[in-house]
Amino acid sequence: QVHLMESGGGLVQPGGSLRLSCAALGGSSSSVYSMAWFRRAPGKEREFVAAFMWRLGYRIAGNVAKGRFTIDRDYGKDFLVYLQMNSLEPEDTAVYYCAAAKDYYGDDETKFDYWGQGTQVTVSS
């Protein structure tokens, strides 16, 4: 069983940066094909932020990333990904969720098999 553990959320001022981390505990090449970040802002549906494919190192980013957010892996440890968020805006305030899929890479949240509990990001002065 894969357990996702997120960290790194918090309060940041507009224009600031945060880095979120997600570790897939118990993950292996047969159980984790890709990892992704989604977010849910207050009163809105959950939306795709970015995804990373382990086997080939591919990355995709959703519209919300706008060139400000980058997903990347840890180069010393497998199944640990980061979401670097720069130039944060109040509209980025949301709960950010890490997800992992056994055999999918993309932006469809219904195809992800494992989810973390979420980490709150608040952008406010």
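See the structure printed just above.
Parameters at a glance
- Residues numbered from 1 in each chain as written.
- Predicted model: local features only at pLDDT ≥ 70, side-chain atom pairs only at ≥ 80, totals over all residues.
- Heavy atoms only, no water.
- Disulfide = S-S within 2.5 Å.
- Helix = DSSP H or I, 4+ residues; strand = E, 2+ residues; numbered from the N terminus.
- Buried < 20%, exposed > 50% of the residue type's maximum accessible area, 1.4 Å probe, protein only.
- Phe/Tyr/Trp six-rings, centres within 6.5 Å; stacked < 30°, edge-to-face > 60°.

(A) Seen up close, the state of the cysteines. In the structure shown here, the tally under the stated rule is 1 disulfide. Residue pairing for C22: its cysteine sulfur links by disulfide to C98, the two sulfurs lying 2.0 Å apart. When the S-S torsion is -80°, as for the bridge of C22 with C98, the disulfide is left-handed. One end of the pair, C22, is in strand β3 (residues 18–25); the other, C98, is in strand β9 (residues 94–101), and 76 residues separate them in sequence. Each member of the pair, C22 as well as C98, is classed as buried.

(B) Up close: the packing of aromatic side chains. Overall, the coordinates contain 7 aromatic pairs when judged by the stated rule. Each ring, one from F38 and one from F112, has its centre 5.4 Å from the other, and the planes form 80°; the classification is edge-to-face. With F38 in strand β4 (residues 34–40) and F112 in the loop between β9 and β10 (114–115), this residue pair connects regions lying 74 residues apart in the sequence. For the pair F38 and F112, one class covers both residues: buried.

(C) Here's a closer look at unusual backbone geometry. Of note, the phi angle at F79 is positive, near 60°, even though the residue is not glycine. Among the secondary structure elements, F79 is positioned in the loop between β7 (69–73) and β8 (80–85). You can call F79 buried: its relative accessible area is 11%. For S87, which is not glycine, the phi torsion reads 50° and is therefore positive. Mapped onto the fold, S87 is located in the loop between β8 and β9.

Coordinates in, geometry out; function isn't part of it.
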